[in-house]
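Here is what each chain is made of, one letter per residue.
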Amino acid sequence: MRTALVTGAGAGIGRATALHFAAAGWRVAAFDIDETALGELADLLPESRLLPVPCDAGDEQAVEAAFKEVGEWTEGLDLLVNNAGIADPYCGPFEKFALADWNRWIDAGLTAAFLCSRAAIPLLRKRAPASVVNITSTRAIQSEPDTFAYAAAKGGLAALTHAMAVSLGPDIRVNAVAPGWIETGPWQKQSDRTEPKHSKKAREQHPVGRVGVPDDIVSAIAWLAGDGAGFVTGQQIVVDGGMTKRMIYTA
Ligand SMILES: NC(=O)c1ccc[n+]([C@@H]2O[C@H](COP(=O)([O-])OP(=O)(O)OC[C@H]3O[C@@H](n4cnc5c(N)ncnc54)[C@H](O)[C@@H]3O)[C@@H](O)[C@H]2O)c1
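Structure report, in brief. Here the structure is a predicted model, which is why all the values come from computation and not from measurement.

## A look at the packing of aromatic side chains
Then step 1. Here the structure, examined in full by the defined rule, presents five aromatic pairs.
Then step 2. Ring plane angle 65° and centroid distance 4.8 Å describe the contact between Phe21 and Trp26, whose orientation is recorded as edge-to-face.
Then step 3. Measuring from ring centre to ring centre gives 5.8 Å for Phe97 and Trp105, while their planes differ by 50°; the resulting arrangement is tilted. Each member of the pair, Phe97 as well as Trp105, carries the same accessibility label: buried.
Then step 4. Through pairs of rings, three or more aromatic residues link up here, namely Phe94, Phe97, Trp105 and Phe148.
Then step 5. Arg27 extends its terminal NZ or CZ atom over the ring of Trp73, reaching a point 4.2 Å from the ring centre.
Then step 6. Residue placement shows Arg104 over the ring face of Trp105; its charged tip is 5.2 Å from the ring centre.

## Let's talk about unusual backbone geometry
Then step 1. Omega for the peptide link from Ala128 to Pro129 comes to 5°, which places this bond in the cis form.
Then step 2. Position of Pro129 among the secondary structure elements: in the loop between α4 (99-125) and β5 (130-135).
Then step 3. Of note, the bond from Gly169 into Pro170 is cis; its omega dihedral lies within 30 degrees of zero at 0°.
Then step 4. Backbone geometry places Asp146, a non-glycine residue, at a positive phi of 65°.

## Considering helix α1 (residues 12-23)
Then step 1. In a regular helix each residue adds 1.5 Å, so 12 residues correspond to 16 Å; α1 covers 17 Å between its end C-alpha atoms and thus fits that length.
Then step 2. Buried residues dominate α1, accounting for nine of its 12 residues.
Then step 3. Among all positions of α1, only Gly12, Ile13, Gly14, Arg15, Ala16, Thr17, Ala18, Phe21 and Ala22 are buried.
Then step 4. For α1, the elements touching its buried residues are β1 (3-7), β2 (27-32), α2 (35-43), β4 (79-82), β6 (172-179) and α7 (214-225).
Then step 5. Downstream of α1 by a residue or two, Gly25 has a phi angle that is positive, lying close to 95°.

## Description of the site of the ligand
Then step 1. Not every one of the 26 residues close to the ligand is listed here, only the nearest: Ile13, Asp32, Asn83, Tyr150 and Gln188.
Then step 2. The side chain of Asp56 places a nitrogen or oxygen atom 3.0 Å from a nitrogen atom of the ligand.
Then step 3. A distance of 2.8 Å separates an oxygen atom of the ligand from a polar backbone atom of Asn83.
Then step 4. Contact with the protein chains covers 88% of the free accessible surface of the ligand, which is 830 Å².
Then step 5. Looking at the shell around the ligand, the elements that each hand over two or more residues are α1 and α5 (148-168).
Then step 6. Looking at side-chain class alone, the shell around the ligand contains 12 nonpolar, 10 polar and four charged residues.

What counts and how
- Residues numbered from 1 in each chain as written.
- Predicted model: local features only at pLDDT ≥ 70, side-chain atom pairs only at ≥ 80, totals over all residues.
- Heavy atoms only, no water.
- Phe/Tyr/Trp six-rings, centres within 6.5 Å; stacked < 30°, edge-to-face > 60°.
- Buried < 20%, exposed > 50% of the residue type's maximum accessible area, 1.4 Å probe, protein only.
- Lys NZ or Arg CZ within 6 Å of the ring centre and 35° of its normal.
- Helix = DSSP H or I, 4+ residues; strand = E, 2+ residues; numbered from the N terminus.
- Expected span 1.5 Å × (residues − 1).
- Contact = heavy atoms within 4.5 Å.
- Near = heavy atom within 4 Å.
- Polar contact = N/O pair within 3.5 Å; in protein donor to acceptor, adjacent residues only side chain to side chain.
- Areas by Shrake-Rupley, 256 points an atom, 1.4 Å probe, with all protein chains shown as cover.
- Nonpolar A, V, L, I, M, F, W, Y, C, P; charged D, E, K, R; others polar.

Here is the structure:
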């Protein structure tokens, strides 16, 4: 049975990814720092399909312990999705930003992908050809003010993607999906769940006429993980409803 590991699987895009692959007949190892969110995911799936592992993916010792559990559960991995990250990009004013806060964004958004990939490589090689998909952001290529730590983490992850691709091929393909604005309110744990309300302006700034949903990202992950993408590695696919292609002129 094909097996995937998804980090940050308790909510949002990670949750939708875990549910998609489980429904498609895969076994899924799910890492999340939030045990409540992870427990709610586990309630939706049979034990034979899901290994929920509470883990801070940006902490070396926690990742080592989590992979010990994964290694006892499966002899190989077909797919690793490095999705964990602090989804809020707003850091505040640059000159007042503390190093500890900088490290929080970098640890969760970039170091986590390095640690989980390093630990997963032996398991991925056992199932070669296997695949890694890193979840970056359109903020790896564009910015709003006061989002520098998030942008740096995602830009670093985009570079890590092509660097890993040339280092780990041909056994392992490594690609990235860069989401734009993805509404995750209904995909949160119950206590945090919200119903989306998007203004006309919010919808219209997307050439496709709407804000994204997690399954828009899952579709790209599933394609990249499949045989149909066997000649694709080192790439970052932007899935943003065309938002970053829209030129803004103020007359
Ligand atoms: N939603 C968007 O609009 C959007 C846009 C671009 C990129 N992204 C990226 O997609 C990924 C998922 O975002 P989302 O919107 O689904 O977020 P989310 O907040 O809905 O879910 C993220 C999950 O990751 C977990 N997590 C956070 N830090 C972790 C850590 N150190 N170790 C393990 N788990 C951790 C959280 O507990 C949560 O369950 C993130 O990397 C985010 O930066 C999201």
